[in-house]
Each structure stands twice: as structure tokens, then as C-alpha cells.
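# Fold and geometry: a report
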Amino acid sequence: MSVSTNTANKKFETSLSKRIEGFDELRGIAIVMVLIAHWCLVYPPLATFNLGPIGVDIFFVISGFLIGLILYRSKGQPGYYQNFYVRRVFRIFPLAAVLVLLGLALQLMSRGNAGSVLYYVAFVQNYIPAFAASNSGGGVDVFPLPVTSPMWSLAVEEHVYLFLPLIVGVTPRKIIPLVVSFIAVVGIVTSIWTVKEYGGSWYTNLHETWNRLHYIAFGVLLCRKEWWLYIVSVLLIWLILLVVNDAGGLIQYTVGVTICGLIYRVREGAAPIRNRCLAFIGKLCYGIYLLHYPVAVLFKELAARSYLDSVVLQVLAFGTYLIISVILAMISFKYFEMPIQLKRTKFEA
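Residues numbered from 1 in each chain as written. Predicted model: local features only at pLDDT ≥ 70, side-chain atom pairs only at ≥ 80, totals over all residues. Heavy atoms only, no water.

### Comments concerning a nonpolar patch on the surface
Taken together, the side chains of Phe-280, Ile-323, Ile-327, Met-330, Ile-331 and Tyr-335 define a hydrophobic patch exposed on the protein surface, amounting to about 610 Å² of accessible area. Broken down by element, the nonpolar patch gets its largest block of residues, five residues, from helix α14 (residues 311-342). If you trace the backbone, Tyr-335 turns up in helix α14. With relative accessibility at 60%, the residue Tyr-335 sits in the exposed group. (Patch = residues over 30% accessible without salt bridge, like charges linked within 9 Å, V, L, I, M, F, W, Y side chains within 5 Å. Areas by Shrake-Rupley, 256 points an atom, 1.4 Å probe, with all protein chains shown as cover. Salt bridge = Lys/Arg side-chain N within 4 Å of Asp/Glu carboxyl O. Helix = DSSP H or I, 4+ residues; strand = E, 2+ residues; numbered from the N terminus. Buried < 20%, exposed > 50% of the residue type's maximum accessible area, 1.4 Å probe, protein only.)

### So, the packing of helix α2 (residues 23-38) against α14
At a minimum axis distance of 11 Å, the contact between α2 and α14 shows a crossing angle of 135°. The angle between α2 and α14 falls in the class oblique. Helix-helix and strand crossings are classified by hand; for α2 and α14 the assignment is right-handed. Contacts between α2 and α14 pair Leu-35, Ile-36 and His-38 from the former with Phe-318, Tyr-321, Leu-322 and Ser-325 from the latter. Class assignment of the residues belonging to the contact of α2 with α14 gives a composition of five nonpolar, two polar and no charged. (Axes fitted to C-alpha atoms, helices over the stretch in contact; angles between N-to-C directions. Parallel < 35°, antiparallel > 145°, perpendicular 65-115°, else oblique. Left-handed = near helix turned anticlockwise from the far one by under 90°. Contact = heavy atoms within 4.5 Å. Nonpolar A, V, L, I, M, F, W, Y, C, P; charged D, E, K, R; others polar.)

### A word on the packing of aromatic side chains
Working definition: an aromatic ring pair is given by the centre-to-centre distance plus the angle between the planes. Here the structure, examined in full by the defined rule, presents 14 aromatic pairs. Relative to Tyr-289, the ring of Phe-59 has its centre 6.2 Å away and its plane inclined at 70°; by these criteria the two rings are edge-to-face. Here Phe-59, found in helix α3 (residues 51-74), pairs with Tyr-289, found in helix α13 (residues 285-304); they are 230 residues apart in sequence, far enough to count as distant. For Tyr-289, a relative accessible area of 6% puts it in the buried group. A centroid spacing of 5.8 Å and a plane angle of 80° characterise the contact between Phe-84 and Tyr-161, whose relative ring orientation is edge-to-face. Placement of Phe-84 in helix α4 (residues 80-109) and of Tyr-161 in helix α7 (residues 152-170) is noted, with a sequence separation of 77 residues between them. Exposure class is identical for Phe-84 and Tyr-161. Each is buried. Put simply, the rings of Trp-39, Phe-299, Phe-318 and Tyr-321 pair up and form one aromatic cluster. (Phe/Tyr/Trp six-rings, centres within 6.5 Å; stacked < 30°, edge-to-face > 60°.)

### Topic: α4
Taking 1.5 Å as the rise per residue, α4 with 30 residues should run 44 Å; its terminal C-alpha atoms sit 43 Å apart, in good agreement. The positive-phi residue at the C-terminal boundary of α4 is Arg-111, with phi of around 60°. (Expected span 1.5 Å × (residues − 1).)

### As for the environment of Val-326
Relative to the elements of secondary structure, Val-326 occurs in helix α14. For Val-326, a relative accessible area of 18% gives the class buried. As a C-alpha pair, Val-326 and Ile-281 span 45 residues in sequence and 7.4 Å in three-dimensional space.

### Considering helix α12 (residues 276-283)
Within the sequence span of α12, burial applies to Leu-278, Ala-279, Ile-281 and Gly-282. Down the axis of α12, the sector holding all buried residues measures 165°, keeping them to one side. Residues of α12 that are buried make contact with α2 and α13. One side-chain oxygen at the N-terminal end of α12 lies 3.0 Å from the backbone nitrogen of Cys-277; it belongs to Asn-275. (Arc of directions from axis to C-beta. Polar contact = N/O pair within 3.5 Å; in protein donor to acceptor, adjacent residues only side chain to side chain.)

Listed below in C-alpha cells is the structure:
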């Protein structure tokens, strides 16, 4: 192995060692919620609990916290923009591209409409018409590619990655919390408008970027010392949920706020949850998030063919689904994602 390769590996390992203790457990909780939620493909009653949207919102808050922390710390340093975007590209795009190609292949094999692939290429897969039409009653013929439905949340994060580094980069440090608070208010207002316009609950049209901005903004606020901004935001949304008379949204948001509180404790160096199993799953959460859904779809097909008629078989199938999802993520992380990420240091400043 060459000296340059050794240097790159050490640089990458150093960045990995800077993980904040306590966050992997929170990621683990979020991904378990998503895994349970998507088992609704086999057991539909699970859909009533909205565990999937809540889990994704937890991911958004964590992402906002970590991205905000990275941007605050690197603001004004050489390679501020280059390093940020290189790391995001090498972390997100490789496995996401594999899933899109798999979905496209399955769509072509079934002779379905593959036009939605353009949404993925443009990173706007969260605006595929079928997502919005399911809440507004419109008829469409453009649907997500098979096994790629969870990728809508990646589009939301990609949109934030485009503008948040610019905001932090050009805005004076003292003004940044106010700008981020304004972004949170925009997300709140658009969510309220969506509920009023289409009816439904707090999670109506949850895929749209502007309806999820506030969760990422909360994460950015949490990484700062201006804790009072976070408290004001929380109270504001609770008030809004009461005004729109969405009891379900109030319960769901209370869960999200509780997680935000846990994140705040982690930031203060007092991780409230320490569990090796959750931490292990949390470290693999990205791979699990993308790879579990094809497994769930497979078990859905088995259930449709009456192979999972008994409760015992469904319980065994659920356990198998969890195990396969974790194993696939482990393999992907070690043999696909990590080797690609090691190459990112060649493109960093």
C-alpha cells in the first residue's frame, strides 16, 4: 500500500472517530421505527401508528444537528464548500444509485412507465405526482420506481444540502440562528397550509421538502447554544397543532420533541441512551434504510400468495425481514460503501 493511500485511510479513519456518543442509539431507534412501519406492507394495521414518518423526522433532526455542527465548525476554513459536498456525494450517492438502477430494472421488466426515473436524476423524487395525488385525490400515472419509495427523504436532505452551506457560509454567526428560525417557521406555515388545503393530518403530503424543513432546522438550532430558540419553536408548533385540532399530530409531534430533547442531552455530553445493539444498528442505518424496503416488498409478495397466513409465520417472517435487512446493510457497508468512501479524501481540500 502506498504512502498516499495510507495517509488517505488515516484521514478518513480520523473523521470516523469523531462520532458523537449517543447519536447512533438515536439513529437505531429511528431506523427500528421505520422497519416496523414498512412491515405494514404485510400487516396493514401498522400503518395507523405513523411510525415511519416519526422515524424519518427523527433522522431529519439528527441530520440537521450534525450538518449544522459541521458547517459551523468549518465556516471560513479552506475547502469549506468542497469538503462538505464531496463528503455528502460519496456518502449518499453510490448506494442510492444502486437502488435506482434496481428499481429501473424492475420497472422495465414489468413493462411499466419508467418516466419517474427523471425525478431521481434531478433529485426531486419526493415530488413524484403519486405522492401528492394520494392526499389530494388527483389521478396520476407516474409512481416511484419499485423498491425505492423511502428515497423521498433523501431528496429532502439533498435540497437542504444545496442551500444550508450557502446560508451558513455567507451569514454572520450571530444572525444564523434567526435565519434558521425563519426556515423553521416556513416549514410550519406550509405544513399548516397543506393540512387546511387538503385535509387530513400533520403528515399530509409529508414528502414535500417545505413540509419537513422545520425538523432539519430544529436540528441546526440544537447544535447551537441558543437553546431558547428551540423552546420557542417547540411551543409554537404545539400551539399550531392545537389550533388545527390535530390530536394525532400533537401526539406524534410530542414523540418527536422528546427525541429532540434527547439530542439536546447528547449535545451536552450526557447521552441518555446507551445500548450496543441500538448503536450497532444506528451505524448501519443508511444501508438498512435503503435496503430493507426491497426485502419488505418481497415478503409482501409472499403474503399475497398466502404463504404467511398464520400469526406464527408472520412473526417468523418479521424476524427474518429484520435479520436480512441488517445483514444486507453490513455487507453493503463493508464491501461497497466503505471502499468508495475511502476514495473521497482524494477530492477533499
